[in-house]
Amino acid sequence: MGKKSRRRVKPAKVERVPFRARTFEGLPGECDWVAMREFVPSATAVVTLRPEIAVDATVRVCTLLPAAAPGLVRPDGELWVGLQVTHNFGDVSRDIAAAIEQGLGLEPGSEIVATDPGVGPRLQEIVDPASEFAVDVQEGFDFWTAGVDDPTGDIAAGMEQANQLATPTARLEEVDAAYWTQLGERQFLRWVMPHDEETLLSALARLHVAGDDRLGDDVRLIGSFRAHGLLVPVWEMEKPTEAAELEGPVAAFQSRLNDALADSTPLTTEQRGARNGLANRQITVR
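What comes next concerns the included structure. (Residues numbered from 1 in each chain as written. Predicted model: local features only at pLDDT ≥ 70, side-chain atom pairs only at ≥ 80, totals over all residues. Heavy atoms only, no water.)

1. A look at unusual backbone geometry
Part 1 of the reasoning: Even without being glycine, A177 reaches a positive phi, approximately 60 degrees.
Part 2 of the reasoning: Take A177: it is sitting in the loop between strand 7 (169–171) and strand 8 (178–183).
Part 3 of the reasoning: The class for A177 is buried, based on a relative accessible area of 0%.
Part 4 of the reasoning: A positive phi angle, close to 55 degrees, is found at H228, a residue other than glycine.
Part 5 of the reasoning: In this fold, H228 is placed in the loop between strand 10 (219–227) and strand 11 (230–237). (Helix = DSSP H or I, 4+ residues; strand = E, 2+ residues; numbered from the N terminus. Buried < 20%, exposed > 50% of the residue type's maximum accessible area, 1.4 Å probe, protein only.)

2. Regarding the nonpolar core
Part 1 of the reasoning: Counting residues in each nonpolar core, the largest one holds 43 residues, and the members touching the most others are W33, I100, L123 and V192.
Part 2 of the reasoning: Not counting chain neighbours up to four residues away, the residues in contact with I100 comprise L49, V59, L79, V81, L123 and I126.
Part 3 of the reasoning: Within the second largest apolar cluster, 27 residues are counted, among which are L189, A205, L257 and A260. (Core = buried A, V, L, I, M, F, W, Y, C linked by side-chain atoms within 4.5 Å. Contact = heavy atoms within 4.5 Å.)

3. Quick word on the sheet that holds strand 1 (residues 43–48)
Part 1 of the reasoning: Across the sheet, six strands lie side by side as 5-3-4-2-1-6; this open sheet has mixed pairing. At either end of the open sheet lies a strand with only one pairing partner, and these are strand 5 (111–112) and strand 6 (136–137).
Part 2 of the reasoning: Across the face of the sheet, helix 2 (residues 30–38) comes into contact with strand 1 and strand 2 (58–62) while running at roughly 140 degrees to strand 1.
Part 3 of the reasoning: Where helix 3 (residues 92–104) meets the sheet, its contacts fall on strand 2, strand 3 (71–73), strand 4 (79–82) and strand 5, and the angle it forms with strand 4 comes to roughly 155 degrees. (Pairing = 2+ DSSP bridges. Axes fitted to C-alpha atoms, helices over the stretch in contact; angles between N-to-C directions.)

4. Digging into the packing of helix 6 (residues 197–210) against helix 7 (residues 247–262)
Part 1 of the reasoning: Here helix 6 crosses helix 7 at 115 degrees, and the two axes come no closer than 9 Å. Classified by the angle their axes make, helix 6 and helix 7 are roughly perpendicular. Pair helix 6 / helix 7 crosses with right-handed handedness. Touching T199, L200, A203, L204, R206 and L207 of helix 6 are F253, R256, L257, A260 and L261, all from helix 7.
Part 2 of the reasoning: Class assignment for the residues of the contact of helix 6 with helix 7 results in eight nonpolar, one polar and two charged. (Parallel < 35°, antiparallel > 145°, perpendicular 65-115°, else oblique. Left-handed = near helix turned anticlockwise from the far one by under 90°. Nonpolar A, V, L, I, M, F, W, Y, C, P; charged D, E, K, R; others polar.)

5. Side note on the sheet that holds strand 7
In any sheet, the strands associate via hydrogen bonds between backbone groups, in a parallel or an antiparallel arrangement.
Part 1 of the reasoning: The five strands are arranged 7-8-9-11-10 in an open sheet whose pairing can be described as antiparallel. Pairing within the sheet leaves two strands with one partner each, and these edge strands are strand 7 and strand 10. Geometrically, the sheet is characterised by an average inter-axis angle of 20 degrees between neighbouring strands, direction not taken into account.
Part 2 of the reasoning: Strand direction decides the pairing type here: strand 7 and strand 8, joined by three bridges, are antiparallel. In the strand pairing of strand 8, A170 is matched with W180.

6. Describing the packing of aromatic side chains
Part 1 of the reasoning: Inspection of every chain in the model, using the stated rule, returns 10 aromatic pairs.
Part 2 of the reasoning: Seen in terms of ring centroids, F39 and Y179 are 6.0 Å apart; in terms of plane orientation they differ by 80 degrees. Their pairing is edge-to-face. Pair noted here: F39 is in the loop between helix 2 and strand 1 and Y179 is in strand 8, with a separation of 140 residues, a long-range link.
Part 3 of the reasoning: Centroid distance W191 to F253: 5.8 Å. Interplanar angle 55 degrees. Geometry classified as tilted. One end of the pair, W191, is in strand 9 (residues 186–191); the other, F253, is in helix 7, and 62 residues separate them in sequence.
Part 4 of the reasoning: Accessibility expressed as a relative area gives 2% for W191, which makes it buried. (Phe/Tyr/Trp six-rings, centres within 6.5 Å; stacked < 30°, edge-to-face > 60°.)

7. Overview of the pairing of strand 9
Part 1 of the reasoning: By the criterion of burial, strand 9 is predominantly enclosed, with five of the six residues buried.
Part 2 of the reasoning: In terms of strand pairing, strand 8 meets strand 9 through six bridges, oriented antiparallel. When the sheet's bridge partners are listed, W180 is paired in strand 9 with L189.
Part 3 of the reasoning: Examined bridge by bridge, strand 9 and strand 11 share three bridges and lie antiparallel to one another. If you follow R190 over to strand 11, its bridge partner there is V234.

This is the structure:
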């Protein structure tokens with residue numbers, strides 16, 4: 001082998017997808033995108049694409065699709081994409097946008113295949129910013145089989161399994177992206193908020209010290225978790241409480257929170273202690 005043949009060939013440089021802390025920032029309903037991606041069991045919402053991407057085209061966004069598929073084109077031609085998938089190529093927004101791009105070129109009845117899309121348009125570049133994102137929470141996954149032939153029974157089997165894992169969930173109407181759920185004997189409210197994390201923690205600390213962070217006598221703030229660059233405060237119900245019973249309290253809390261967010265005075269020693277407690281008390285509620 002000659003010297004020329006023994007020379008190492010440098011591999012082609014692959015452009016990496018840049019990290020995005022707030023994956024869905026700039027989209028209509030950013031906080032609901034986060035909720036559907038991370039903890040809402042079964043829900044759908046429809047978005048409209050920019051006309052330069054596809055004229056009069058809509059996409060049904062689903063929390064979960066059969067076999068955790070990234071997307072599919074229904075027999076009637078409607079394009080569905082799934083948020084709760086098993087892959088992540090570095091930017092969830094880019095992954096979903098690539099699934100939509102792939103689906104636009106497929107025939108009805110086709111399934112979208114998960115592949116590393118590389119750098120390219122994100123959801124923010126293909127979804128019409130004027131589009132609505134109205135979340136429709138489902139009791140289960142029966143919508144999978146509506147209008148679809150299932151000769152092998154695979155979809156029905158997957159639906160039955162998914163239904164067994166789906167926990168009762170409801171989206172509150174008085175505020176954005178607040179979801180009541182029941183996990184076993186316990187009930188929680190998970191509320192995705194769009195505010196800067198540091199500012200929100202300080203506001204919650206002010207409310208906690210004032211005794212104003214509860215959603216009623218029996219609904220207490222127990223902590224929060226981060227998801228896609230946003231903070232998700234979590235309340236737990238100390239006695240059985242239906243979602244509808246929280247509508248008034250969350251609206252009142254929203255008003256108190258807005259006042260606390262606008263307060264720029266330095267935190268007191270007690271408030272700083274409460275803030276540190278909130279910051280250190282990260283929880284996971286699935």
